Amino acid sequence: MNNDNQSDQPETDITDGKSSKENFGPKITRRSFLQGSAAVSAGIAAPIYLAGVSKSFAAKGGAVKIGHIEDLSGNLAVYGVQKDHGAQLAVKEINAGKTLKGGPVGSGGLGSLSNYAANPPIMGNGDKDLKFVNDGGELTESGMAFVEDKDVLVDSGDSGILGREVELIHPDGQSNNNIWQQLTRKLIQEDKVDCLVAGFTSAEREAIRPIVDQFKQLYIYTNQYEGGVADSNTFCTGAICEQQVIPVVDYMIQKFGPRVYTIAADYNFGQLTAAWTRAFAPQVGGEIIGEEFVPLSVSDFTTSIAKVQAAKPDWVFTLLVGSNQSNYYPQAAATGLEYPMASTVNMAQGYEHRRFKPPSLNRMYNCVNYIEEIPTARNRAFVKRWYEMFPKDPYIGQMAQNTYFSVHMYAKAVRIAGTTDQEEVKRAFESGLHLEAPEGTVFMEPSTHHCSHYIRLATADADHNVSFVREWPSIQPWWLQRLGVNLVRNKEYKQYIPDEDPFFKS
Amino acid sequence: MEIDALALSLTYQFGTNAAFLFLSALGLIVILGMMNIINLAHGELMMMGAYAATIANNQFGLPFPLAVIVSFFAVAIFGAILELLIVRRFYGRELSALVVTWGISLILGQGTFLVFGPFMPAIKIPGGSYSYGGFSFSEYWLVLIGISISLVIGLYWLYRYTSYGLQARATMQNAEIAKALGVPTNRVYTLTFSLGAGLAGLSGALLAPTSTIAPFMGQQFVAPAFITVVVGGATNVISGAVGSSVLLSAIKTPIGMAYGAFLGTVALLVAALVIIRIMPDGISATLQKIMDRRRARHTL
């Protein structure tokens, strides 16, 4: 991506003079549904949810309660506080009558997501209002036309959600799974939250998911994770292995060579992500020449570094989690280890490139759905809003952005459903909902309850400047689909693991 | 070429592993080993040392060696205050002291988090690296190995040849009699706790460049520190800590290199179990017994 990417919206933009209403979908939809109506989102795909929308504007039933658990103290607070701030920012914006662009996609699928798809595509050369990119995404004189929103935060035409104020109940999980379970019960049974947004580690999620299922609570898990959760009550808005591992492994093998050494955190995330790598690398000509799983308590990496040197790989896949394990980077740099590295977790969560002195993360490649440095106009606007509210925050991580857009997505789903009734809202989430998040377009895939993401391959140079070497505007969460999961038709409450797929048998 | 490079690398790994264990345990050697206070705030004292060094180095521009010395004194002063205000009320009550120091560790960790936020910018690891036969070695870790050795010698000298050392050993052996003989035992306790805290701060500062500077970073050192001190035993804490860090590293390094970090850690824990089973009072007690026996044989 390039800094000059933000162009003014061209004349083809259909936001003309109607900025007070949310802007989505084809023109016909806007004209027929948005006139004077409080209906905020109404796509052709979801007519059943429209009943009563315009009437439900009157405030009734008190505040809409969103329960949010993250770790505000303890070892995981470094990530939890960011996510908590993301939820606070989103709630503030919703109460101020704002929303992110988006709505049900309609029958056209992802291709019709853009605000401009209602009009025929414009091909041209030298048009002063349009910018063009080549296949690699670089600016050119001619080629594919693209436009970019200056900001995706627009007026919702609603105050709060359905005229009701949104209240965020956000207790501290204290990095302790037992406390997570207690808080989940309290939020569901005492506070009767309309929606639960929670979870950093997979262990935390699996600790509370049985409780969520017991009460059929609408639950949004916003973390990047190993994938596989197929749960009728759970919606996963973080990126998963097929969206992060495959693109980065493919790129690294092409660019640096086939010999891969994996060093991963020794728990389900690290193990399963390594299994993905093992299954996928041979398909693109790679070879795993060594694998090491490091316990989370380890913080002295001398031996691991020597093992990498003995194996002489072309590049190292580091799936290290937590602050102890990020010690690997400065230690490896001080030992003179100069292999290119790839990851799916570092930089975008724990901002290692800001914390460690260069060149510890030189030639680190990471596939992310969000990283603060994304140079698009909409992201810069988002970053600005964030630091206006939280000027002391050190960084906006990937999961913080996920939490932020997830809360907005919930508001949108409620407006489609016209009620906070949780079963209705779950069905609205399954209506083919898309949202213009700071990262780009995200799409809630109805059958698997996972999101498609705008994935970027970010890299740090010797001075730890971040740049983007490749991007994939939409990667589907396809693995559960491949297994035949369809939560719209069949209710399920489990997590699939790679062993259940012959793809991973080696 | 491959073989000698591998041997060199193993030696280097052995040295760094032993130095890591020893530095983790450094402050605890004094506080647990000598005073018998189960100090669960040990990790947080190391964290304070790392923070002091980071702030001195990044904010005030002090060169790193000076920053390390500053953090020794900063944490030592904090340790003295802690002893005067809280810890001295719990001598002889091991379990109460355990709970109190645990509480202190929670306050320090979360307090640091509230004041300084989730991370501090790191200190760059000083020095470069050597490489030989496909392996490379960090100069800074070589320096740390050297510092560990000189710290052992320094501590030995302090307790063997200074009047403070004599008074401290007397107080730890029998506080009542020491007091009767005119040893200011209260002051000795304060000084010893303060020294232990300062040493924890010093090793926290020394390990800071290799580590993430975060409020809960201390926890990574607590388990290795306790294992090292307990395996070493209380008969002679210094020789015990040296013996146990060398022995544990000698077991962990080859197994870690051959079978990975996970089994390396398992081997370390199993070794600790076996050693404690065979030598319930730790390595130093066994060493002492061997020496006593030899001495007895000579006198006969």
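Residues numbered from 1 in each chain as written. Chains lettered and ligands numbered in written order. Predicted model: local features only at pLDDT ≥ 70, side-chain atom pairs only at ≥ 80, totals over all residues. Heavy atoms only, no water.

Considering the overall build of chain A
Assigned secondary structure in chain A consists of 14 helices and 22 strands. Buried residues in chain A amount to 63% of all 506 residues. Relative to all contacts within chain A whose residues are 6 or more apart in sequence, the contacts with residues 24 or more apart total 70%. (Helix = DSSP H or I, 4+ residues; strand = E, 2+ residues; numbered from the N terminus. Buried < 20%, exposed > 50% of the residue type's maximum accessible area, 1.4 Å probe, protein only. Contact = heavy atoms within 4.5 Å.)

Some points on the environment of G256 of chain B
Residue and element names in this part refer to chain B. In this structure, G256 sits in helix α10 (residues 237-259). The class for G256 is buried, based on a relative accessible area of 4%. In the structure, G256 is positioned 243 residues away from Q13 in sequence and 9.9 Å away in space, judged by C-alpha atoms.

Looking at the side chain of R205 of chain A
Residues and elements named next belong to chain A. Of note, R205 is situated in helix α4 (residues 202-214). A distance of 2.8 Å separates polar atoms of two side chains, one belonging to R205 and the other to E206. When near neighbours in sequence (up to four residues on either side) are disregarded, R205 contacts Y219, Y221, Y225, E226, V229 and Q495. (Polar contact = N/O pair within 3.5 Å; in protein donor to acceptor, adjacent residues only side chain to side chain.)

Digging into a nonpolar patch on the surface
Taken together, the side chains of Y259, F262, L263, V266, V270, L273, V274 and I278 of chain B make up a nonpolar region of the molecular surface, amounting to roughly 780 Å² of accessible area. The exposure class assigned to V274 of chain B is partly exposed, which follows from its relative accessible area of 40%. (Patch = residues over 30% accessible without salt bridge, like charges linked within 9 Å, V, L, I, M, F, W, Y side chains within 5 Å. Areas by Shrake-Rupley, 256 points an atom, 1.4 Å probe, with all protein chains shown as cover. Salt bridge = Lys/Arg side-chain N within 4 Å of Asp/Glu carboxyl O.)

Some thoughts on the pattern of salt bridges
Residue and element names in this part refer to chain A. One pass over the structure, following the stated rule, counts 23 salt bridges over all chains. Here D231 makes a salt bridge to R209, at a shortest N to O gap of 2.8 Å. Highlighted residues: D231 in strand β11 (residues 229-231) and R209 in helix α4, separated in sequence by 22 residues. R209 carries the same exposure label as D231, and that label is buried.

So, the interface of chain B and chain A
Taken together, the contact between chain B and chain A spans 41 residues of the former and 40 residues of the latter. The largest per-residue losses of area from chain B upon contact with chain A belong to F119, T212 and Q220 of chain B, which jointly make up 18% of the total buried on that side. Scanning the region where chain B abuts chain A turns up zero salt bridges. Going through the elements one at a time, α1 (2-34), α4 (94-116), β2 (135-138), α10 and α11 (261-278) of chain B are the ones with two or more residues in the side of chain B that touches chain A. (Buried area = accessible area lost by both parts, 1.4 Å probe.)

Structural notes on helix α12 (residues 398-417) of chain A
Residue and element names in this part refer to chain A. Taking 1.5 Å of rise per residue, 20 residues should cover 28 Å, and α12 covers 28 Å from first to last C-alpha, within 8% of that figure. Burial runs high along α12: 20 of the 20 residues are buried. Positive phi shows up at G418, right after α12, with a value of about 75°. (Expected span 1.5 Å × (residues − 1).)

Structural notes on a positive patch on the surface
Together, K289, R293, R294 and R297 of chain B make up a positively charged patch on the protein surface. What makes R297 of chain B exposed here is its relative accessible area of 60%. (Lys, Arg positive; Asp, Glu negative; His and termini not counted. Charge placed at Lys NZ, Arg CZ, Asp CG, Glu CD.)

So, the nonpolar core
Judged by nonpolar contacts, the single largest core of 83 residues is most densely connected at I161, Y328, I371, F405, M409, Y410 and F429 of chain A. In terms of residue count, α12 of chain A provides more of this core than any other element does, 12 residues in total. When residues no more than four places from it in sequence are discounted, the contact partners of I161 of chain A are V64, I94, V166, Y410, A411, V414 and R415 of chain A. Y51, Y159, A208 and A241 of chain B belong to the second-largest nonpolar core, a separate cluster that totals 68 residues. (Core = buried A, V, L, I, M, F, W, Y, C linked by side-chain atoms within 4.5 Å.)

Topic: the layout of surface pockets
Residue and element names in this part refer to chain B. Considered as a void within the structure, the second largest pocket measures approximately 890 Å³ in volume. If you list the elements that add at least two residues to the lining of the second largest pocket, you get α1, α4, α5 (139-161), α6 (163-173), α10 and α12 (282-299). In terms of residue count, α12 provides more of the lining of the second largest pocket than any other element does, five residues in total. Of the residues in the lining of the second largest pocket, the class split is 16 nonpolar, 11 polar and five charged. (1 Å grid on protein atoms, 1.4 Å probe; cavity = no way out; pocket = protein on both sides within 12 Å on 5 of 7 lines; lining within 4 Å. Points joined across faces, edges and corners; volume = space filled by probe spheres on them. Nonpolar A, V, L, I, M, F, W, Y, C, P; charged D, E, K, R; others polar.)

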